[in-house]
Amino acid sequence: MNSSLIGWGFYVPERIVTNKELESYIDTSDEWIQERSGIKERRFFKPGKDTVSTMAAEASKKAIEIAGIKTEDIDMIIMATLSPDYFFPGSGVLVQRLLGLKNIPAFDIRQQCSGFIYGLSLADQYIKTGACKTILLIGSEVQSGIMEISDRGRDIAVLFGDGAGAVILQASEEPGILSTHIHSDGEFAEELYMKNPGSINPDFVSKQMIDDGELLPYMNGRMVFKTAVQKFPEVIEEGLVQNGLSSNDIDLFIPHQANARITEFVREKLGLPEEKTVSNIHKYGNTTAATIPIALAESMEAGLLKKGDLLCLAAFGSGFTWGSAFIRI
Ligand code: UT7
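Q: Just to check I follow, could you spell out the site of the ligand for this structure?
A: Taken together, 20 residues form the shell around the ligand, and within it Thr28, Arg222, His256, Asn259 and Asn286 come nearest. Between Arg154 and the ligand, the recorded distance is 3.3 Å, taken from a side-chain N or O atom to an oxygen atom. At 2.6 Å from an oxygen atom of the ligand is found a side-chain nitrogen or oxygen belonging to Asn259. Across the complex, the protein chains shield 75% of the 950 Å² of accessible surface that the ligand would expose by itself. Of all elements in the fold, only α2 (30–37), α6 (154–157), α8 (221–243) and α9 (260–270) reach the threshold of two or more residues within the shell around the ligand. Of the residues assigned to the shell around the ligand, the class counts are 10 nonpolar, 5 polar and 5 charged. Counting residues domain by domain, the shell around the ligand receives three or more from each of domain 1 (2–174) and domain 2 (178–328).

Q: I would appreciate a short explanation of the environment of Ile146 in the present structure.
A: Looking at the secondary structure, you find Ile146 in the loop between β6 (134–141) and α6. Separated by 62 residues in the primary sequence, Ile146 and Gln208 place their C-alpha atoms 17 Å from one another. If we skip the residues at most four places from it in the chain, Ile146 touches Leu82, Ser83, Met194, Leu215, Leu216 and Pro217.

Q: Just checking my understanding: could you explain the domain arrangement of the protein chain for this structure?
A: Interfaces are often described in size by the accessible area the parts lose on coming together. Under the domain assignment, the protein chain is made up of domain 1 (2–174) and domain 2 (178–328). Contact with domain 1, which involves 47 residues of that partner, is made by 52 residues of domain 2. In this structure, Glu174 engages Lys307 in a salt bridge whose closest nitrogen and oxygen atoms are separated by 3.5 Å. Linking domain 1 with domain 2 are 17 residue pairs in polar contact (both at pLDDT 80 or more), by the criterion used here. Mapped onto the side of domain 1 that touches domain 2, the elements with two or more residues apiece are β1 (2–11), α2, β3 (41–44), α5 (115–128), β6 and β7 (163–172). Per-element accounting of the side of domain 1 that touches domain 2 gives the leading share, 6 residues, to α5.

Q: What is the right way to look at the sheet that holds strand β13 (residues 321–328) in this model?
A: Strand pairs in the sheet, formed through backbone hydrogen bonds, run parallel or antiparallel to each other. Taken together, the 4 strands give an open sheet; going across it, the order is β8-β13-β12-β11, and neighbouring strands pair in mixed fashion. Each edge of the open sheet is held by one strand with a lone partner, namely β8 (177–184) and β11 (252–255). Taken over all neighbouring pairs, the strand axes of this sheet differ in orientation by 10° on average, direction set aside. Note that strand β12 (residues 310–317) and β13 share 8 bridges and pair antiparallel. Across the sheet, residue Leu310 finds its bridge partner in β13, namely Arg328. The strands touched by helix α11 (residues 291–301) are β11 and β12; relative to β11, the strand with the most contacts, the crossing angle is about 150°.

Q: When you look at the side chain of Thr180 in this model, what are you seeing that I'm missing?
A: Inspection of the secondary structure puts Thr180 in strand β8. Classification of Thr180 as buried rests on a relative accessible area of 16%. A distance of 2.9 Å separates polar atoms of two side chains, one belonging to Thr180 and the other to Ser121. In this structure Thr180 touches Leu120, Ser121, Gln125, Ser324 and Ala325, once residues within four positions along its chain are discounted.

How each quantity is defined
Residues numbered from 1 in each chain as written. Predicted model: local features only at pLDDT ≥ 70, side-chain atom pairs only at ≥ 80, totals over all residues. Heavy atoms only, no water. Near = heavy atom within 4 Å. Polar contact = N/O pair within 3.5 Å; in protein donor to acceptor, adjacent residues only side chain to side chain. Areas by Shrake-Rupley, 256 points an atom, 1.4 Å probe, with all protein chains shown as cover. Helix = DSSP H or I, 4+ residues; strand = E, 2+ residues; numbered from the N terminus. Nonpolar A, V, L, I, M, F, W, Y, C, P; charged D, E, K, R; others polar. Domains from an automatic or database assignment. Contact = heavy atoms within 4.5 Å. Salt bridge = Lys/Arg side-chain N within 4 Å of Asp/Glu carboxyl O. Pairing = 2+ DSSP bridges. Axes fitted to C-alpha atoms, helices over the stretch in contact; angles between N-to-C directions. Buried < 20%, exposed > 50% of the residue type's maximum accessible area, 1.4 Å probe, protein only.

Given below as structure tokens:
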């Protein structure tokens, strides 16, 4: 049995925040943001309306409709997010509740930017062993509330956004996921992380942390960049070798949308033409676990993939974690 991709959907909050708007809160410039990252605008959630789980449920409903299945056909929910609604339980069970599903396993994975690839890998194992037939896999993030829209938080605040994407994977004799390769190296955990709130602290969370700006994500941007441009090609090559393919066989490449310069570097390294590489970071910024499923759903809607095409996905991020997936559509 293969894990076939049969449904896809995405949801982004209505509120568009342009670089120009950020200029009014932060000592930054549209020029700097576009030049360094390729981002022009991103979406910020509407408090009281959007949460990680509600956005995930909206994306999931679209994926279910496209798949032409009944919601009750889903026998597992895998939720990738670094920004769950609650500290615990995870948001997977909240999506389960919103979809009106009972008893099936629903769980969160915390693999940040690589969350969707890790989720594909997990889903594929459950389907290949026959344990599950139909899996809903989601990447959803509300990051605008975690960031500080200020000079102090500017390294992060100009890069990240909110949104959700979902896919349905189903056991099939048709082709589907050909391979997934996933990796991690905890040696670099603190190069891109959010330390607080956390059980490592005696207080878990304190006013001091807020005052000292320690309740914010931290990223060693240059170091992450350098490692990303090394790991992306490596892990893609791993998949190509396993499948006996070359980069010429790739019909569409959807990398995690962290930085347009990273995407460009990897595209050139693979020798792929621009039209075979998806970049939507200018519209949504970096939505972490949601970038790939959003871009995938958009690509499907735009007719960029047809039956039999080879899709290559790859991601790198906090952990460090990284991975690739090859899917025959
Ligand atoms: O999705 C998870 C994985 N994440 C990534 O893969 C992101 C990887 N890293 C990056 O994308 C890039 O490193 C950034 C976009 C984060 C930064 O680009 P950079 O070219 O590495 O810039 P930099 O951090 O080296 O900063 C260059 C300058 C600095 O000023 P000086 O020291 O040259 O005077 C910064 O202080 O830009 C300054 N700067 C800013 N200026 C305006 C930093 N942030 C900003 C800002 N607006 N928001």
